[in-house]
Amino acid sequence: MAKKTFKSKVTAERKELADFEIFDETFYIKPAVPTSFYIDLMATLAEMQETKNSTAFVRELKPFFNKALVAESAKRFAKILDSEDKIIDIETLMEIFDYIISETANRPTNGSDK
């Protein structure tokens, strides 16, 4: 019987946390996000493309930031999202989203063969 062994390019063992800054505050990103969360997110994105309705995706943004950011950073970022004084425009919010995705899911980290 044939057998193939796979090795993930993403690990939760990255030594340094990635971060980003907005409104003079620094937010720290977890080294990795559980794969099941990305599966749900991809299903929501597929549904959005099929139905041309972005409501489901928008609902996933707050839980995404909560799951992807270190707990203390997630709390502070949630306060900014709810703030009437510190408004993040949608384009910037999506840039932050894309950056977090690249840091947690796509970038090879410790143990990578690349």
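Scroll up to find the structure this text is about.
Presented here is a report on the structure given in the accompanying data block. Worth saying up front: this structure is predicted, and the values here are computed from it rather than measured. (Residues numbered from 1 in each chain as written. Predicted model: local features only at pLDDT ≥ 70, side-chain atom pairs only at ≥ 80, totals over all residues. Heavy atoms only, no water.)

1. Structural notes on the pairing of strand 2 (residues 25-28)
Residue alternation in strand 2 divides its side chains into a buried set, Glu25 and Phe27, and an unburied set, Thr26 and Tyr28. Here strand 1 (residues 19-22) folds back onto strand 2, and the loop between the two strands holds two residues, one of which, Phe23, carries a positive phi near 55°. (Buried < 20%, exposed > 50% of the residue type's maximum accessible area, 1.4 Å probe, protein only. Helix = DSSP H or I, 4+ residues; strand = E, 2+ residues; numbered from the N terminus. Pairing = 2+ DSSP bridges.)

2. Focus on the packing of aromatic side chains
Tallied over the entire structure, the rule returns seven aromatic pairs. On the basis of an interplanar angle of 25° and a centroid distance of 6.1 Å, the ring pair of Phe37 and Phe64 is categorised as stacked. Here Phe37 is found in helix 1 (residues 35-51), whereas its partner Phe64 is found in helix 2 (residues 55-68), with 27 residues between them in sequence. Each of the two residues, Phe37 as well as Phe64, counts as buried. Every member of this aromatic cluster is reached through a ring pair, and the members are Phe20, Phe27, Phe37, Phe64, Phe65, Phe77 and Phe97. (Phe/Tyr/Trp six-rings, centres within 6.5 Å; stacked < 30°, edge-to-face > 60°.)

3. Considerations on the pattern of salt bridges
Side-chain pairs of opposite charge can arise where the charged atoms are in close proximity. According to the stated counting rule, one finds four salt bridges in the structure shown. Here Arg76 ties to Glu25 by a salt bridge, and the two come within 2.7 Å at their closest N and O atoms. Of the two residues, Arg76 is situated in helix 3 (residues 71-82) and Glu25 in strand 2; the sequence distance between them amounts to 51 residues. Owing to a relative accessible area of 22%, Arg76 belongs among the partly exposed residues under this scheme. With a relative accessible area of 18%, Glu25 lands in the buried category. Several salt bridges share partner residues, and in doing so they unite Glu25, Glu72, Arg76 and Lys86 into one network. (Salt bridge = Lys/Arg side-chain N within 4 Å of Asp/Glu carboxyl O.)

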